[in-house]
Amino acid sequence: MSLTRRQTLSLIGGGTILAATAAGAGFVSTRTPTRALQPWQQAGRYDDVRLNALSFALLAPNPHNLQPWQVALEGDDALLLHRDPTRHLPETDPFDRQITIGLGCFLEQMVLAAGAAGYAVDLTLFPQGPDGPVAHAVFGAGGAADPLAAHILARRSCKEPFEDKAVPAPLARQLEAYADIYTDAPSVQALTSLTWDAWLVEAMTPRTMQESVDLMRFGKAEINANPDGIDLGGPFLESLMLLGVVSRKVQADPASTGFKQGIELYRAMLQATPAYAVLTSPTNTRTDQIDAGRRWLRLNLAVTGLGLSLHPVSQALQEYPEMADHYATAHNLLAPQGHTVQMLGRLGYGPSRAPSPRWPLETKLIDRT
Ligand SMILES: Cc1cc2nc3c(=O)[nH]c(=O)nc-3n(C[C@H](O)[C@H](O)[C@H](O)COP(=O)(O)O)c2cc1C
């Protein structure tokens, strides 16, 4: 749940918060979690072509920013990508479908970065079957640079209200090369109401909400110590933490004022959506999920290149009993031929956002083969 400065000021009244912010000018200027953002500076600064590509790959989008990747280097030119078995979302992603999509985003970003450096990657998915390593990759000379790679560092998941401005038809048509794009009013209205209803189910189901709360990092020190999960940082949010308006306890308590305010913010954000992007697949194998991730990453980069913003809103696609009705509605609306909806995202003109934290590459390298 992201609270922006502007939204929160209008919600709880500017006086108190401005006073709190002004009182600590030094505090304000030092709240950036620099260490947690270091991997964005470090990308592309390695000698080994594989490390270089991996340093970009780990900036890929992934559910709840869990960064579930582990990499074992092999010889001089190969690597094995594993899924970190400790990083999963048992309540909202019980079958690891979304986790696998995130690993697909990682692989596509790795391949794009290698291509930009003049290397081709020969990928074999699930070389030991669906329960083994995710991919074996061999790097060789000869890759072609894809223009999408230019947007890797600027790409974001934009968790903000979008401007009240339609996605121009020519841009929507360009994005149709990557995903199904919905801009017509009846579809947008139906999807906005679906994403809101589904979000409320997640927020009001204690075990699914707790899964998110457990992954919240409150303020710079927590974000630097654990550069993953849901980062609640920046001078303004930290001012709210000092005031007790935002805290782990508040976020987990539906009766609290802070929780209710958070819900209103989320509703306003979801409503400020002029278009949606959707990925489906005819079947739902692990390879399909990787492929969906690769397509999502390409879509996200293309969106960035067009000056637009994208924000996954996955609640209605999640597979737990309380969500079953919304899951069915999403599939009736978006994949009536019995396909699986792999990704649903808001599309529009959003504000620019700071990058989200990442664990350094060195923490993701393992010996296991
Ligand atoms: C499969 C998948 C599902 C996601 N679902 C959501 C979601 O429901 N809500 C959300 O705010 N972000 C969602 N995200 C975005 C992640 O939270 C985001 O990628 C992560 O925090 C890293 O931030 P970044 O993409 O800006 O680098 C999803 C991403 C992926 C790959």
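Before reading further, recall that the structure is shown in the block above.
None of these values were measured; they are calculated from a predicted model.

Reading guide: rules and limits
Residues numbered from 1 in each chain as written. Predicted model: local features only at pLDDT ≥ 70, side-chain atom pairs only at ≥ 80, totals over all residues. Pairing = 2+ DSSP bridges. Helix = DSSP H or I, 4+ residues; strand = E, 2+ residues; numbered from the N terminus. Axes fitted to C-alpha atoms, helices over the stretch in contact; angles between N-to-C directions. Contact = placed C-beta atoms within 7 Å. Parallel < 35°, antiparallel > 145°, perpendicular 65-115°, else oblique. Left-handed = near helix turned anticlockwise from the far one by under 90°. Nonpolar A, V, L, I, M, F, W, Y, C, P; charged D, E, K, R; others polar. Near = placed C-beta within 6 Å. Expected span 1.5 Å × (residues − 1).

A. Structural context of the sheet that holds strand E9 (residues 309-312). An order of E5-E8-E10-E9 is seen for the four strands of this open sheet, with the pairing classed as antiparallel. Taken across any chain shown, the strands that pair with only one partner, and hence form the sheet edges, are strand E5 (180-182) and E9. Put simply, the sheet's adjacent strands are angled 30° from each other on average, direction ignored. On the sheet, helix H14 (residues 286-305) packs against strand E8 (275-281), E9 and strand E10 (340-348) and is oriented at approximately 155° with respect to E8.

B. A look at the packing of helix H8 (residues 185-204) against helix H15 (residues 324-334). Contact geometry for H8 and H15: axes closest at 10 Å, N-to-C directions at 160°. Comparing their axes, H15 and H8 come out roughly antiparallel. Crossing of H8 against H15: the hand is left-handed. Residue-level contacts link Ala 190, Leu 194, Asp 197, Ala 198 and Val 201 of H8 to His 326, Thr 329, Ala 330 and Leu 333 of H15. Its residues assigned to classes, the contact of H8 with H15 shows six nonpolar, two polar and one charged.

C. Local environment of the site of the ligand. Around the ligand, a shell composed of 17 residues is seen, among which Pro 61, Asn 65, Ser 157, Pro 312 and Ser 314 lie nearest. For the shell around the ligand, the leading source of residues is helix H6 (residues 97-116), giving four residues. Split by residue class, the shell around the ligand holds six nonpolar, nine polar and two charged.

D. Geometry of the environment of Ala 169. Looking at the secondary structure, you find Ala 169 in helix H7 (residues 169-175). A C-alpha to C-alpha distance of 25 Å links Ala 169 and Gly 293, two positions 124 residues apart in sequence.

E. A look at H8. Taking 1.5 Å per residue, 20 residues should reach 28 Å; H8 reaches 28 Å between its end C-alpha atoms and fits that length. Contacts from the buried residues of H8 go to E5, helix H9 (206-214), helix H13 (257-271), E8 and H15.

F. Structural detail: the sheet that holds strand E3 (residues 119-125). Spatial ordering of the open sheet is given by E1-E2-E4-E3, a layout of four strands whose pairing is antiparallel. Two strands lie at the open edges of the sheet, namely strand E1 (69-74) and E3, each paired on one side alone. Strand after strand, the sheet turns through a mean of 25° between neighbouring axes, direction not considered. As paired strands, E3 and strand E4 (residues 135-141) are joined by seven bridges and run antiparallel to one another. Each bridged residue has a counterpart across the sheet, and for Asp 122 the counterpart in E4 is Val 138. Running at roughly 155° to E3, H6 makes contact with E1, strand E2 (78-83), E3 and E4 of the sheet.

All we've got here are geometric facts, nothing functional implied.
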